[in-house]
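Residue strings, one per chain:
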Amino acid sequence: MKIAVSSDHAGFALKEEVKALLEQEGHEVLDFGPYNEEPCDLSDYVYPASLAVAEGKADRGIFVDGVGYGSALIANKIYGVYAAVCQDPFCAKLARSHSDTNVLCLGGKIIGSALALEIVRAWMTTNYLSDIEKYTNRVDKVKKIAEKHLKKLDEIQE
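A brief structural summary. (Residues numbered from 1 in each chain as written. Predicted model: local features only at pLDDT ≥ 70, side-chain atom pairs only at ≥ 80, totals over all residues. Heavy atoms only, no water.)

### Concerning the pairing of strand β1 (residues 2-7)
1) Next: Within β1, five of the six residues are buried, which leaves it mostly tucked inside the rest of the structure.
2) Next: Bridging between β1 and strand β2 (residues 28-31) involves four bridges; their strand directions are parallel. The residue bridging Ala4 from the neighbouring strand is Leu30, located in β2.
3) Next: You can see the chain leave β1, run along helix α1 (residues 12-24) and come back into β2, and the turn it takes is right-handed. (Buried < 20%, exposed > 50% of the residue type's maximum accessible area, 1.4 Å probe, protein only. Helix = DSSP H or I, 4+ residues; strand = E, 2+ residues; numbered from the N terminus. Pairing = 2+ DSSP bridges. Right-handed = clockwise from strand over helix to strand, strands pointing away.)

### Regarding the side chain of Thr101
1) Next: As for its placement among the helices and strands, Thr101 is situated in the loop between α4 (89-97) and β5 (103-107).
2) Next: In this structure Thr101 touches Tyr82, Ala84, Ala95, Arg96 and Trp123, once residues within four positions along its chain are discounted. (Contact = heavy atoms within 4.5 Å.)

### Focus: the packing of aromatic side chains
The description of two aromatic rings rests on the distance between their centres and on the angle between their planes.
1) Next: According to the stated counting rule, one finds zero aromatic pairs in the structure shown.
2) Next: For Arg60, the ring lying beneath its charged end belongs to Trp123, and the centroid distance is 5.0 Å. (Phe/Tyr/Trp six-rings, centres within 6.5 Å; stacked < 30°, edge-to-face > 60°. Lys NZ or Arg CZ within 6 Å of the ring centre and 35° of its normal.)

### Notes on the packing of α1 against helix α5 (residues 113-125)
1) Next: α5 packs onto α1 with a crossing angle of 45° between their chain directions and a minimal axis gap of 10 Å. As summarised for this structure, α1 and α5 are arranged oblique, according to the angle between their axes. Where α1 crosses over α5, the handedness of that crossing is right-handed. Touching Leu14, Glu17, Val18, Leu21 and Leu22 of α1 are Ser113, Ala116, Leu117, Val120, Arg121 and Met124, all from α5.
2) Next: Residues of the contact of α1 with α5, tallied by class, amount to eight nonpolar, one polar and two charged. (Axes fitted to C-alpha atoms, helices over the stretch in contact; angles between N-to-C directions. Parallel < 35°, antiparallel > 145°, perpendicular 65-115°, else oblique. Left-handed = near helix turned anticlockwise from the far one by under 90°. Nonpolar A, V, L, I, M, F, W, Y, C, P; charged D, E, K, R; others polar.)

### Section: the environment of Asn76
1) Next: With respect to the secondary-structure elements, Asn76 resides in the loop between α3 (69-75) and β4 (83-85).
2) Next: In sequence terms Asn76 and Lys2 are 74 residues apart; their C-alpha atoms lie 19 Å from each other.
3) Next: Dropping the residues within four chain positions of it, Asn76 is found in contact with Val81, Tyr82, Ala83 and Leu150.

### Quick notes on the nonpolar core
For soluble globular proteins, the rule of thumb is that nonpolar side chains tend to be buried together.
1) Next: With 23 residues, the main nonpolar core has Val18, Leu22, Ile62, Leu104, Leu106 and Val120 as its most contacted residues.
2) Next: Looking at this core, the elements with two or more residues in it are β1, α1, β3 (60-65), α4, β5 and α5.
3) Next: No other element matches α5, which puts seven residues into this core.
4) Next: With residues up to four places along the chain from it excluded, the contact list for Val18 reads Ile62, Leu106, Leu117 and Val120. (Core = buried A, V, L, I, M, F, W, Y, C linked by side-chain atoms within 4.5 Å.)

### A look at the pattern of salt bridges
1) Next: According to the stated counting rule, one finds nine salt bridges in the structure shown.
2) Next: Put simply, Lys15 and Glu16 hold a salt bridge, and the shortest N to O gap is 3.6 Å.
3) Next: Between Lys19 and Glu16 there is a salt bridge whose closest N-O contact spans 3.5 Å. In this pair, Lys19 and Glu16 both sit in helix α1, three residues apart, roughly one turn of the helix.
4) Next: By relative accessible area, which is 15% here, Lys19 ends up buried.
5) Next: The structure contains a network of salt bridges with shared partners spanning Lys15, Glu16, Lys19 and Asp31. (Salt bridge = Lys/Arg side-chain N within 4 Å of Asp/Glu carboxyl O.)

### A word on the packing of α4 against α5
Geometry of a packed helix pair, given as the angle between the helix axes and the separation of the axes.
1) Next: In the contact formed by α4 and α5, the axes pass within 8 Å of each other and the chain directions differ by 25°. Classified by the interaxial angle, the pair formed by α4 and α5 is roughly parallel. Viewed along their axes, α4 and α5 form a crossing whose handedness is right-handed. Packed against α4, whose contacting residues are Pro89, Ala92, Lys93, Ala95 and Arg96, the element α5 presents Leu115, Glu118, Ile119, Ala122 and Trp123 at the interface.
2) Next: Of the residues contributing to the contact of α4 with α5, the split by class is seven nonpolar, no polar and three charged.

Geometric values such as these leave the question of function open.
Laid out in structure tokens, this is it:
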């Protein structure tokens, strides 16, 4: 899979560890930055990475900031992106299997790298339970909300 990664300065070190794990497991990583720990604005990196997921240039995204919520707030503003903050492997599995998330957000100041890598493994290897009606109904309702309130990328005028 192609995985878009991004962070801010607080998540940079963990993003680098996540990249190494993804590459080791055979995934292609698209790094949207930053490329060092200099102070930066999260949206400058998460926004283009989110667009890559929404446009199909990346299959999924993994974004890291201090606590994960900033990344999720930005990512979930983009039509076609479904981001979840996960702080343990159990939640990561549910975010994929029940909600079909395509972006994982992690908090580099909240969880250590060993736990973060377990979360990434769990999220990357869990499939959406698309054959279970209660989950597809719930996901479809969320998609209808997006249809109602978010603009599709091809409708946006630059």
